[in-house]
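# Breakdown of the fold
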Amino acid sequence: MAITYNENKGLFHLQAHNTSYLIQITPSGHLIHLYWGKKIRSPDLRHLLDVKERPFSPKIINAEELYSLDVLPQEYPSYGHSDFRAPAFQVQLENGSTIICAKYVTYRIFSGKPKLEGLPATHVEDSGEAETLEVELRDNISGLSIFLVYSVFSELDVVTRSVRFLNRGTDNLKLIRTLSMCIDFINFSHDVLHLSGTWAKESMIERNSLKRGMFSIESRRGISSHQHNPFLALLTENASEDNGEVFGFSLVYSGNFLAFVEIDQFNSARIGMGINPFDFSWLLKPGEKFQTPEVVMVYSDMGLGGMSRSYHCLYRKHLCRGYYRDKPRPILVNSWETAYFNVNEETVQRIVQIGKHLGLDLFVLDDGWFGQRDDDTSSLGDWNVNTEKFPEGLSGVAEKINKIGMQFGLWIEPEMVSPNSNLYRSHPDWCIHVPDRDRSLGRNQLVLDLSREDVCDEIIKSISKILKSAPISYVKWDMNRYLTEIGSALLPPERQRETAHRYILGLYRILEEITSSFPNILFEGCAGGGGRFDPGMLYFMPQIWTSDNTDAIERLKIQYGTSIVYPPSTMAAHVTAVPNHQVYRITPMEIRGNVAMSGILGYELALWELTSEEKSTIKKQIGFYRSIQHLILNGDFFRLLSPFEGNETAWMFISSDKREAVVFYFQVLARANTHAKILYLRGLDPLKNYIEIDSGLAFGGDGLMYAGIKVPELKGDFQSVVLQLRAIK
Ligand code: DGJ
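Let me begin by describing the structure that accompanies this report. For every chain, the first residue of the written sequence is number 1, and numbering continues from 1 along that sequence. This being a predicted model, a pLDDT of at least 70 is required before a residue's local features are given, and a value of 80 or more before pairs of side-chain atoms are given or counted; all residues contribute to the totals for chains, interfaces and linings. The side-chain values count all of the structure's non-hydrogen atoms but skip hydrogen atoms and water molecules.

## Quick look at the packing of aromatic side chains
Rule in force here: Any Phe, Tyr or Trp ring, taking Trp's six-membered ring, that has another such ring centre within 6.5 Å forms a pair; planes under 30 degrees apart are called stacked, those over 60 apart edge-to-face, and the others tilted. Only DSSP runs of H or I covering at least 4 residues are called helices, and only runs of E covering at least 2 are called strands; the numbering of each starts at the N terminus. Burial classes: relative accessible area under 20% of the type maximum marks a residue as buried, over 50% as exposed, and values in between as partly exposed (1.4 Å probe, protein chains only). The criterion for a charge sitting over a ring is simple: Lys NZ or Arg CZ within 6 Å of the ring centre, and within 35 degrees of the ring normal.
Inspection of every chain in the model, using the stated rule, returns 36 aromatic pairs. Each ring, one from Trp651 and one from Phe666, has its centre 5.2 Å from the other, and the planes form 65°; the classification is edge-to-face. With a gap of 15 residues between them, Trp651 in strand β32 (residues 648–654) and Phe666 in strand β33 (residues 660–667) connect regions that are remote in the sequence. Pair check on accessibility: Trp651 and Phe666 agree, each one buried. By relative accessible area, Phe666 is classed as buried at 0%. Ring pairs connect the aromatic residues Tyr21, Trp36, Tyr150, Phe185, Phe188, Phe247, Phe249 and Tyr299, which therefore count as one cluster. Positioned over the ring face of Tyr539 is Arg321, at 3.6 Å from the centre of the ring. One Lys or Arg, Arg555, reaches over the ring of Trp545 and ends 4.8 Å from the middle of that ring.

Pasting the structure below:
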């Protein structure tokens with residue numbers, strides 16, 4: 001059994017693959033967090049609790065031998081009784097008070113994993129793949145019920161958590177803090193690792209040791225953001241890529257979030273994660289429910305690499321959905337860095353004629369195809385093809401492309417409106433705004449108010465019309481600014497602080513309707529690159545444009561950092577021109593190809609400027625990628641050398657049966673007179689022998705991992721090499 005309840009002891013034991021998670025109900029009805037880590041046989045760990053009386057730590061009423069909530073590790077704590085740490089939730093009653101005492105009422109255990117109303121979440125196809133515990137806590141005075149929902153996966157070391165609030169009382173309640181999870185670690189001595197960045201520099205790995213006080217990452221930008229991914233991990237101090245204990249927390253949400261670690265006076269750490277309480281509140285009328293997003297918690301005793309592979313496997317199979325989830329993705333050419341806004345019938349024809357000859361599958365018409373969109377100052381919201389640029393309309397373009405044997409894809413940015421657009425002129429109140437206040441522009445545009453049902457309905461209608469108007473096989477769904485002056489014309493004053501979360505709920509409804517109405521279209525997410533690279537978006541689209549920075553060397557860090565949580569099968573990566581358009585660096589075509597094919601390969605450069613040598617390199621890249629794409633999509637990913645630590649980067653993909661592997665090695669700068677580089681591979685079967693395809697040399701799996709393999713000498717800066725291994729029968 002994955003989840004058991006010992007009634008005599010009031011003890012829940014949740015067991016994921018190799019993980020135990022223990023919750024104790026106290027005689028006073030509080031939920032104590034006893035343990036999360038490697039699976040254990042004897043789950044009664046009450047002896048670990050600190051029950052000493054302490055000055056300045058108020059006593060719990062009716063707690064028998066337990067003393068104060070100030071020192072006890074808890075599951076979903078509130079503020080106001082005797083716990084002074086950051087709470088998991090806070091609720092205001094009509095009398096203005098914010099004291100809630102939610103105590104255990106009942107529980108249920110069932111197989112499978114329920115959907116979350118209105119929100120993306122991990123899921124199972126077979127109810128045997130997960131088991132769920134739902135615990136109800138209730139505050140008798142307000143009538144507030146809080147349902148803590150935990151699911152454990154039988155094949156993975158994953159515990160998911162979410163919370164549902166229900167107002168069973170007769171008065172209005174105001175939720176002012178509703179985190180999705182909270183957990184207390186006693187005896188804390190961990191590092192924190194998270195992914196921070198900015199536009200064109202997403203997912204930079206930061207690892208710090210923590211001292212007493214509050215550490216937090218958050219977004220107040222309306223989307224998950226380029227600045228902080230909604231993820232953090234705690235690592236034991238000696239934990240590395242391959243060894244040590246790691247605890248990961250990843251939020252399935254695309255809006256404002258908060259994740260914190262608070263280390264208290266006794267060296268306990270409280271970790272909380274969920275919707276950012278900043279500028280948030282939610283009015284809960286009698287009978288109403290509120291659902292928080294889900295947090296996915298991964299335990300690994302095989303270092304950061306072990307944690308990442310659990311996330312990769314879970315997100316590939318139990319988060320991403322749809323036709324393309326496991327299918328080879330088309331290798332595309334995109335018009336953005338190729339022609340920017342200068343797109344028209346003639347440019348498209350030029351691109352696709354050469355693209356076809358190179359072996360590409362799909363052409364993407366990026367920004368500039370609609371309204372009067374010759375630059376970024378107009379037309380968002382006016383989703384009509386510009387017939388001066390495309391006299392035969394989108395269907396004309398698409399059909400011609402189809403005729404030569406390629407597919408057609410389209411860029412859209414449905415959440416936005418340009419002040420210079422017919423849509424804005426007819427509906428100036430349809431954007432997020434606050435009455436009488438200036439509306440700040442970002443990239444000359446405003447954000448449509450997705451908290452409004454009518455606006456969402458109109459987006460669904462207008463986007464569906466375009467998608468039906470031509471044979472469209474792929475859509476790039478972009479979003480190019482953060483939210484400011486957050487308010488909605490339709491919400492009453494007491495609900496204005498619901499706008500940011502309602503925006504995300506509106507977005508999810510639109511995405512659900514559109515992706516399910518067009519199940520054969522491959523959707524790719526984008527928010528100026530990785531501004532919304534989060535699990536919430538991956539539920540609707542299996543790949544995301546990783547960064548607007550396409551320089552191969554910068555991408556080493558961006559893709560390596562992104563892989564901490566997200567599988568390479570979700571990372572769109574393109575070969576672009578040199579000098580690179582973001583950093584002006586000149587790199588060889590080989591390394592640009594090898595970096596891009598470590599994710600979802602595409603091209604985005606003026607194909608007509610290529611030399612015949614470059615064209616033949618691209619043809620080879622495409623052929624090679626097709627032969628290894630199954631490993632990129634479904635293989636296990638091992639990081640071997642970190643670009644954050646040195647001049648060389650390496651990673652490898654290996655099939656689940658361990659018979660096939662591909663290793664990528666990248667050298668940034670050349671150095672004179674260095675020793676031959678030895679690379680230690682990972683994840684192979686020590687008992688199998690492997691042949692390296694290029695050299696024809698055979699090696700033992702154990703030797704390749706423990707003694708290593710010599711990397712062929714690389715001459716010059718920005719060089720790379722790929723090694724392909726196949727098990728010998
Ligand atoms: C931002 C995206 O990240 C780019 O790839 C491109 O699609 C532009 N928007 C178009 O405006």
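Next, the rest of the story.
## What about helix α11 (residues 612–634)?
Just so we agree on the cut-off: A helix is expected to span 1.5 Å for every residue after the first. Across the chain, bend at a residue is computed as the angle between axes fitted to the seven residues ending at that point and the seven starting from it.
Helix length check: α11 (23 residues) gives 33 Å between terminal C-alpha atoms against 33 Å at 1.5 Å per residue, within 8%. The axis of α11 is deflected most strongly, by about 55°, at Ile628. The set of residues buried in α11 consists of Thr617, Ile618, Gln621, Ile622, Tyr625, Ile628, Gln629, Leu631, Ile632 and Leu633.

## Structural notes on the environment of Thr562
Rules: By definition, residues are in contact when any of their heavy atoms lie within 4.5 Å. What qualifies as a polar contact is a pair of N or O atoms within 3.5 Å, subject to a donor-acceptor requirement within protein and to the restriction that residues adjacent in sequence count only when both atoms come from side chains.
Positionally, Thr562 belongs in helix α9 (residues 552–562). The class for Thr562 is buried, based on a relative accessible area of 1%. Through-space distance from the C-alpha of Thr562 to that of Thr347 is 33 Å; in sequence the pair is 215 residues apart. Residues within four places of Thr562 in sequence aside, it is in contact with Ser203, Phe533, Thr546 and Met571. Within polar-contact distance, the side chain of Thr562 engages the side chain of Ser203 at 3.3 Å.

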